[in-house]
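Architecture and fold: a report
Residues per chain are reported as follows:
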Amino acid sequence: MDTKANLLIRKGRVIDPASGRDDVADLLVEEGRLVRVGASLDAPGAEIMEAEGLWVIPGLVDSCVHLSLPGEGPWTGDVASECRAAAGGGITHMAVQPDCGPVDSTAVVRLIREQAGQANFARALPVAALTQGLAGEHLAEMQTLAQAGCIAVGQAGASVASSLTLKRCLEYAATFDLLVLFRPEDASLTAGGCAHDGAVAARLGLPGIPAVAESVALSRDLLLVEATGVRAHFQQISSRHSLTLIREAKRRGLPVTADVSIHHLLLDESALEGFDSRCHVLPPLRTVEDRQALLDAVADGTLDAICSKHQPLGSFSKAAPFPSTRPGISGLDTLLPLVLKLVQDGALPLHRALDAVTSAPARCLGIPAGQLETGRMANLAVVAPDEQRVMHERWLSRGRNSPWFDAVLPGSVRRTLCNGEVSWLAE
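- Named according to an unreviewed UniProt entry, the protein chain is Dihydroorotase, multifunctional complex type originating from Alloalcanivorax balearicus MACL04.

Structure (structure tokens):
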């Protein structure tokens, strides 16, 4: 679409976790801006969408998406194709991890932003590399990359083995008040592993990754955050032991937030039975107890946000013996449906669940998104929450590597507005 929307959405259930609003109301969008929310609005000349029985929610904010530039990188989906999948899933903003390129030059930043802008489906927000080439040895030009449009810096899961190098990176980031994204993992404890180091891996003969690989790295990272004062967001926490460290850090007032992937809230190590490579992910799926602890931590706010950890892979990437397959799940299509499934199953309360994919990740990333605020460009999704659908019948990502590809899940997005324009309209 190339024009700003003039749209009156009538009688939808408006749910905005940021403001606490939850009532049936009309929303008026004029020239792309959300101008009014109230009862019985009128807008001569505007398109009218009858939304009785539907929800109107803020556009989702996804704090972890892996994409490739055309012809580069391991991911099947590129910026344009996956922005379309995001819009179809009600997602308006997504943090593109720095392995897209990698993002250690302003030219790559511009290319990501240009391709997302040309596709005009969702806003791709680049995360800059913390170190040059993500090699963990030399500082990247973080401030220059931030000025070019990056919202944060990180390593996309690649390690920085030297604590001294990491400390210098964090000191530099703190000087310019840059947000640093961490995915804590001790590479020496992880090397060669492909599954949680537990009963299932032992029975299947798979090399294990212990939970302590995460908590050891997290302990170091938190100590360096405290020493440098840098703003930190920890991604894809997977174990209950790590939650204790996050809670203590927050209790002591460290500038720390954290998220969890949606698949770690729904699956545990038992999903690997039968060597199902679709469930090969990093960090690995852990125990039933870990999964329940993660759900409890989302509910009580220890874990601020839920992300898709979207990694779109071709079928060949999963067609090998389990340890040789590439880890990752394609998650843009299923983020909202799986969150709604958790709500339907009673695992999470509705407002906290929606907050965890809208306003909370926006706060973590420091971006103005994830809420229905009048006066701003409209970023919202109109959703049929109870409409069940077979996921593969409208799968938009180029990556079909998902254990839910053939599942029947709730929640169908009827319309998405991104930056005031209609970016998705269901047929």
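Read on for the rest.
Quick word on the overall build of the protein chain
- Counting its secondary structure elements, the protein chain contains 13 helices and 18 strands.
- At 21 Å, the protein chain has a C-alpha radius of gyration in line with the 22 Å of a compact globule built from 427 residues.
- Its C-alpha atoms put the protein chain at 65 × 50 × 45 Å along the principal axes.
- Put simply, the protein chain has 427 residues, and 60% of those count as buried.
- Accessible surface, the protein chain: about 15,800 Å² in total, of which carbon and sulfur atoms supply 49%.

As for unusual backbone geometry
- Omega for the peptide link from G101 to P102 comes to 0°, which places this bond in the cis form.
- Within the secondary structure layout, P102 lies in the loop between β7 (91-96) and α2 (106-119).
- At the junction of L282 and P283, the peptide bond is cis and its omega measures out at -10° in the coordinates.
- Residue position: P283 is located in the loop between α9 (262-266) and α10 (288-300).
- Residues other than glycine seldom take positive phi values, yet A156 does so here, at roughly 55°.
- Among the secondary structure elements, A156 is positioned in the loop between β9 (152-154) and α4 (163-175).
- For Q236, which is not a glycine, the phi torsion comes out positive at approximately 50°.
- By secondary structure assignment, the location of Q236 is in the loop between β13 (232-234) and α8 (240-251).
- Judged by its relative accessible area of 2%, Q236 is buried.

Here's the deal with the state of the cysteines
- Enumeration over the complete set of coordinates arrives at zero disulfides.
- Just so you know, C100 is unpaired, no disulfide at all, and the nearest cysteine sulfur is the one on C83, 10 Å from it.
- Take C100: its relative accessible area is 0%, and that puts it in the buried class.
- Residue C307 stays outside any disulfide, its sulfur separated by 5.0 Å from that of C64, the closest cysteine.
- Residue C307 is classed as buried on the basis of its relative accessible area of 0%.

Quick notes on helix α7 (residues 212-228)
- Across its 17 residues, α7 extends 24 Å between first and last C-alpha, which sits within 8% of the 24 Å expected from 1.5 Å per residue.
- Phi for G229, located one or two positions after α7, is positive at around 75°.

Observations regarding the packing of aromatic side chains
- Enumeration according to the criterion identifies three aromatic pairs in this entry.
- Taking 5.1 Å as the distance between ring centres and 70° as the angle between the ring planes, the aromatic pair formed by W395 and F405 counts as edge-to-face. You can see W395 sitting in the loop between β16 (380-390) and β17 (408-418) and its partner F405 sitting in the loop between β16 and β17, a full 10 residues away along the chain. Pair check on accessibility: W395 and F405 agree, each one buried.

Quick word on the sheet that holds β13
- Pairing is parallel across the open sheet formed by eight strands, whose spatial order is β6-β7-β8-β9-β10-β13-β14-β15. Looking at strand neighbours, the two that pair on one side only are β6 (60-65) and β15 (305-307), the edges of this open sheet. Each adjacent strand pair in this sheet contributes to an overall mean axis angle of 30°, direction not counted.
- Of the strand pairs in this sheet, strand β8 (residues 123-129) and β9 are connected by three bridges, and their pairing is parallel. Bridging from a neighbouring strand, V127 pairs with A152 of β9.
- On the sheet, helix α1 (residues 79-88) packs against β7 and β8 and is oriented at approximately 135° with respect to β7.

Here's the deal with the environment of G53
- Position of G53 among the secondary structure elements: in the loop between β4 (47-50) and β5 (55-58).
- Between the alpha carbons of G53 and V383 there is a distance of 9.2 Å; along the sequence they are 330 residues apart.
- Setting aside residues up to four positions removed in sequence, G53 forms contacts with K11 and P385.

Things to note about the side chain of R286
- Along the chain, R286 turns up in the loop between α9 and α10.
- Buried charge R286 goes without a salt bridge, the closest partner of opposite sign being E214 at 4.8 Å.
- Side-chain polar atoms of R286 contact the side chain of H196, separated by 2.9 Å.
- Setting aside residues up to four positions removed in sequence, R286 forms contacts with H196, I209, P210, A211, S238, S239, D268 and E269.

Thoughts on the pairing of strand β1 (residues 7-16)
- Summarising burial for β1: seven of the 10 residues are buried, a large majority.
- Of the pairings in the sheet, the one linking β1 to β4 comprises four bridges and is parallel in character. Of the residues in β4, the one forming a bridge with L7 is E47.
- Bridging between β1 and strand β2 (residues 21-30) involves eight bridges; their strand directions are antiparallel. Of the residues in β2, the one forming a bridge with R13 is V24.
- Hairpin connection of β1 to β2: four residues between the antiparallel strands, including G20 at a positive phi of 80°.

Reading guide: rules and limits
- Residues numbered from 1 in each chain as written.
- Predicted model: local features only at pLDDT ≥ 70, side-chain atom pairs only at ≥ 80, totals over all residues.
- Heavy atoms only, no water.
- Helix = DSSP H or I, 4+ residues; strand = E, 2+ residues; numbered from the N terminus.
- Rg over C-alpha atoms; globule rule 2.2 N^0.38 Å.
- Buried < 20%, exposed > 50% of the residue type's maximum accessible area, 1.4 Å probe, protein only.
- Areas by Shrake-Rupley, 256 points an atom, 1.4 Å probe, with all protein chains shown as cover.
- Disulfide = S-S within 2.5 Å.
- Expected span 1.5 Å × (residues − 1).
- Phe/Tyr/Trp six-rings, centres within 6.5 Å; stacked < 30°, edge-to-face > 60°.
- Pairing = 2+ DSSP bridges.
- Axes fitted to C-alpha atoms, helices over the stretch in contact; angles between N-to-C directions.
- Contact = heavy atoms within 4.5 Å.
- Lys, Arg positive; Asp, Glu negative; His and termini not counted.
- Salt bridge = Lys/Arg side-chain N within 4 Å of Asp/Glu carboxyl O.
- Polar contact = N/O pair within 3.5 Å; in protein donor to acceptor, adjacent residues only side chain to side chain.

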